[in-house]
Amino acid sequence: MEIDLGNLMAFEPQHQFPPQLPSREVLLKECLDKGRELVQALAGALFELPSTQDPDGPLVNLPTPSFRLPREKHLPKPKPPTKWEQFAQKKGIKNRKKSKLAFDETTQNWKRRYGYDRVDDDKDVPIIEAKDTDEPGVDPFAQRKAEKKKRVEKQEKNQLQNLKQAAKVGALPSTVQLAARALPITGTKEAPKKASRDELESVAGLAGTATASGGKFDKKLPGEKPPKHPGKYRKFLPVVEGKGMGNQERQQSEKVLSQLLSKHSHEILDVNKAVSMFKVKEEKKRKQRDTLSTSAKSKPSKRKSFKKSSKKAR
Amino acid sequence: MLKVVTPKTKRAVRALEKRAPKLVENAKKTLILQGTKTSKVLNEVLGDIYNLKKANGGAVRYTRKNENIRPFESGGETSLEFFSQKTDCSLFVFGSHSKKRPENIVMGRTYDHHIYDLVEVGVENFKPLSSFSYDKKLAPRVGSKPFFTFIGEGFETVEELKHLREFLLDLFRGEVVETLNLSGLDRVFVCSAVSPNKIVFMHCALQLKRSGTVVPRMELTEVGPSMDFVVRRHRLPNEDLKKSAMKTASKLPKKKVKNVSSDMIQGRIGKIYIPDQQVGGVPKANMKGLKRERREGKMKKDGNGVKPKKLKPNPT
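Residues numbered from 1 in each chain as written. Chains lettered and ligands numbered in written order. Predicted model: local features only at pLDDT ≥ 70, side-chain atom pairs only at ≥ 80, totals over all residues. Heavy atoms only, no water.

Identification of chain B as Ribosome production factor 2 homolog from Amborella trichopoda is taken from an unreviewed UniProt entry. Of chain B, the UniProt comment under Subcellular location (unreviewed entry) reads exactly: "Nucleus, Nucleolus". Word for word, the UniProt comment on chain B under Sequence similarities (unreviewed entry) is "Belongs to the RPF2 family." (UniProt positions renumbered as here; feature names shortened; annotations may be inferred.)

The name an unreviewed UniProt entry assigns to chain A is Ribosome biogenesis regulatory protein, from the organism Amborella trichopoda. Regarding chain A, the UniProt comment filed under Function (unreviewed entry) reads as follows: "Involved in ribosomal large subunit assembly."

This is the structure we're talking about:
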C-alpha cells in the first residue's frame, strides 16, 4: 500500500478484482469496504503527525506531496539586468541609501528629494542670476524647463529599451505590456514610412509590365534592373511517353474521351440535377394553374373548407 | 514603435498579478463545457462536477454549445485554449455525445494555456448527487480537503488508468495546503479499477467516530455522484513539455522577518520599539469624579438619603 500524506492519497496496487465482475451492489460494497480500510490506514498515518491545538481543532503540518503534479504555468523567469545595472556591475558601483528628505538651500527648508514640492523645484526659483556666458535672448526659465523635459524623455527611452530586453526573454512584469502604437488615423501626425529599396524595385518592376508591350520597349531609367520574372509560368505535360508524366497526360485525355464515348452515357447525365429541374418545372406549372383557379373562385370556398375540417374534428 | 501599456486602476493591477506565473501557484481552476450535442446524463454529470468544484471560484461552467472544439484533433483545440486563457483555467472537462462515443467526456490539463494532456472517458451507471438520500448532517462542507483512495492493480499496470488517476487527483484535490485541520476531514473519493478499462468512481462523506485510541474510526457514507468511467482515448504530454511543467522552484524566497535577528552567542534576538514617554506635559484634569453629571448625581443622592451636615455658624 502506498500512502501520500501531502495529497491525502492512499493507493492499493495489490488488490485484484475478479475478471468476472460480481453484481453491482456486491461490487460497490467491496469498493466501499476497501476504501474504508485505506482511509483508516491514511488516518492512522495522519493522526501520528505532531499536532498543535487550536480552538477549531488539532492542526497538523502536512509533508510535501510525494506524488508530483504538473504546474499550470511556467516558472517565473528572472528579470535580465538593466543597462545601468550592467554598467554598475562592470564598474563596481554599489547602491547607497539616500534619505528621502534633503535640505533645500533656496527655501532653507527640508524637502523631498524627488517628486512634488521637491528640492530645487522650478516654482521655488524666482530669480536666476545672469552669467557672463549667457546668450542674449534666451529665456533661462524656458531653458530649464526644456532641459528637464529632455532628461525625462531620455529616461523613458531607456526604460523602454530595458523593457524590450526583458520581453525578449519573456520576463516582462505581469502588469506591463508592450503594445504597438495606434495606427495612424486621419488627423494624427505619424511620420510616413520610408519605402525600402527592395520595395521600390518591386513596385517599379510591376509598373513596367503594365504597358501594352509588357515593358519591353519602355525607356529604362538609369540603374533600373530588368523584371525578375519575364515570360509565362504555364507548363505543359510532355507528349512523349516517359516514366511518370507521359502516362499522366494519356490518362487525362483518356478520361475525357471515355466520358464522352462511353456506352453508359447516361452516367454523364446528372440525374439528381435533372430530377430537380423537372420538379421545379412541374411546380411552376402547378402554381400557374393554382393562381388561375384561386382567382376564379374566391374567399367563400376557403371558408367552406375550414368549416369542413372543424366538423371533422367534432 | 512600441508603447508601454500599464493598467489604469489598482484593481486591474491585482487582477493581472493574480494570473501571472508564480513560484507557488494558485489552486487550479476548472472549465466545464460541452460540444454541440449532449445528453441528459451528460448534463447532470457536468453539473455535478461543477457542484463539487465550484467552491472558492474553483470552476467555471459554460452552458452554451461549442461547435469547433475537438480536443484530440489538430485545429480543434484553438477555442479551448482561448477559453483557458480567458478564464484562467488550467483544467477542463468537455462533454459530448455522439453515436460513436455516447456520453463522452474529454478531460485535460493545460500548461501555459496550451493543451498538456488529454483523457477521454465514457460515463456509465451514473447516479446524480440529488438521487442520494442521507443524513444532511453528514454532508461534506463546501471546499473541504478530500481524501483519495485508489484501489486495484489497473492503476499501476494500465497506462490509461495511470493517467486517469493522476488527472482525477489533480481535478479534485483542491488547494494545496501546508497545515490541515484534522476535525475538518469530511470527504473521500473512492476510485477502483475494476477492469483494465473501467473504473468505479464514488464520492463519500466521512465520519470520525471514537475508537478508544488516538486514531478515530472512519465511517464512509456514499453521498454521490457516483459513476463508472470507461477509458477511451488518451494523449500523454510531450516529453519536453512534461519536463518543464514538472519543474519546481529550487528554493522558495524566505519571507523577511522584521526586528528579529540571530546571534551566535545569544541566539534569537528581537527588537522592540516603545514610543517615547511624554514627560513634558501635564495630564488633563478629566478624571471621572470631576464630571458635572457625576457631581450633580452625587449631590442629589446625598440630598435624598443622608442630610448634609449643617454648617456651623462662625463663632464670632
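1. Quick notes on the overall build of chain A
Of the regular secondary structure elements, chain A holds 7 helices and 7 strands. When the elements of chain A are put in sequence order from the N terminus, they spell out β-β-α-β-β-α-β-β-α-β-α-α-α-α. Sorting the 314 residues of chain A into buried and exposed places 16% on the buried side. (Helix = DSSP H or I, 4+ residues; strand = E, 2+ residues; numbered from the N terminus. Buried < 20%, exposed > 50% of the residue type's maximum accessible area, 1.4 Å probe, protein only.)

2. Concerning the pairing of strand β6 (residues 109–112) of chain A
All names here are of chain A. The pairing of strand β5 (residues 101–104) with β6 spans 4 bridges and is classified as antiparallel. Directly across from alanine 102, in β6, lies its bridge partner lysine 111. Counted along the chain from β5 to the antiparallel partner β6, the turn is 4 residues long, and its residue glutamine 108 has a positive phi close to 55 degrees. (Pairing = 2+ DSSP bridges.)

3. Here's the deal with the pattern of salt bridges
All names here are of chain B. If you walk through the whole model with that rule in mind, you get 24 salt bridges over all chains. With a shortest N-O distance of 2.9 Å, aspartate 170 and lysine 28 are connected by a salt bridge. On the criterion of sequence distance, the pair formed by aspartate 170 in helix α5 (residues 159–172) and lysine 28 in the loop between α1 (10–18) and β2 (30–34) is long-range, its members being 142 residues apart. Exposure class is identical for aspartate 170 and lysine 28. Each is buried. In this structure, arginine 217 and glutamate 219 form a salt bridge, with 2.9 Å as the shortest nitrogen-oxygen distance. Note on glutamate 219: relative accessible area 21%, which makes it partly exposed. Look at the salt bridges and you will find they share partners, linking Lys28, Arg109, Asp117, Glu166, Asp170 and Arg173 into a network. (Salt bridge = Lys/Arg side-chain N within 4 Å of Asp/Glu carboxyl O.)

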